[in-house]
Amino acid sequence: MEASQRDDQQRAAERRRKELLEAADRVVLRDGPGASMNAIAAEAGITKPILYRHFGDKGGLYRALATRHTDALLAGLRAALDAPAARRDRVEATLDTYLAAIEARPQVYRFLMHPADESQQTEQGFDVGRHSAPLLRRLGEELAEVIAERVDLGPGSEELARAWGHGIVGMMHAAGDWWLRERPFPRAHLVRHLTDLLWGRLAAAGDLPGGPGF
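All of these numbers come straight from a predicted model, not from anything done at the bench. (Residues numbered from 1 in each chain as written. Predicted model: local features only at pLDDT ≥ 70, side-chain atom pairs only at ≥ 80, totals over all residues. Heavy atoms only, no water.)

## Quick look at the confidence of the model for the protein chain
Here the protein chain averages 84 in pLDDT, and 85% of its residues register 70 or above. Considering only residues more than four positions removed or in separate chains, one finds that residues 118-122, a stretch of pLDDT under 50, has five contacts. (pLDDT = per-residue confidence, 0-100. Contact = heavy atoms within 4.5 Å.)

See below:
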């Protein structure tokens, strides 16, 4: 097979995979954590074995969707961190970006982070607990990298940056999960409260020399 034919086949496979992920997204937006492989296959106009052929199994599809949404979220978080604004404003914007994302698409968030209620469906739900922890770890590592390359934390900076990165992601996840369920006050209030909690040491730290600044 010529290289050009292989390239064409690869591009066609990538387009098809993207189409299937978009179909899965539509089902997730409708059904949340109750989304099933049967429903996703029906939405895509294919049989379930064909869906398995593209993603391997239910876990493979979940990981592909998680990567898709995590990539988009990380791009938004980095844009907020890079905005030309004062440090506290960027901290608030970063927190707000995360909370706005889960507020705008709560069914996607619940699909990624909460298992389906198996008593309400015939097909076993996605094993979310098995996959959501790596997703949160990825967010934590990405944020740790951002902190390490921007903020002068002094001795032990790498250790501190990783602790902060994972700690901040854990805080955003736990607080955002509670807030999304109960909606006790406006999102802006939660952003302000969490920024106040973070602000002490972060306000005192200087920018890392030669870094992009924070």
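## Section: the environment of Leu-112
In this structure, Leu-112 sits in helix α6 (residues 106-113). Using a relative accessible area of 9% as the deciding quantity, one classes Leu-112 as buried. Separated by 79 residues in the primary sequence, Leu-112 and Pro-33 have C-alpha atoms spaced 7.4 Å apart. (Helix = DSSP H or I, 4+ residues; strand = E, 2+ residues; numbered from the N terminus. Buried < 20%, exposed > 50% of the residue type's maximum accessible area, 1.4 Å probe, protein only.)

## Notes on the packing of helix α4 (residues 58-82) against α6
It is the contact of α4 with α6, at a shortest axis distance of 11 Å, that shows an interaxial angle of 130°. Judged on the interaxial angle alone, α6 and α4 are oblique. As for the relative orientation of α4 and α6, their crossing is left-handed in sense. Facing α4, whose interface residues are Tyr-62, Leu-65, Ala-66 and His-69, α6 presents Val-108, Phe-111, Leu-112 and Met-113. (Axes fitted to C-alpha atoms, helices over the stretch in contact; angles between N-to-C directions. Parallel < 35°, antiparallel > 145°, perpendicular 65-115°, else oblique. Left-handed = near helix turned anticlockwise from the far one by under 90°.)

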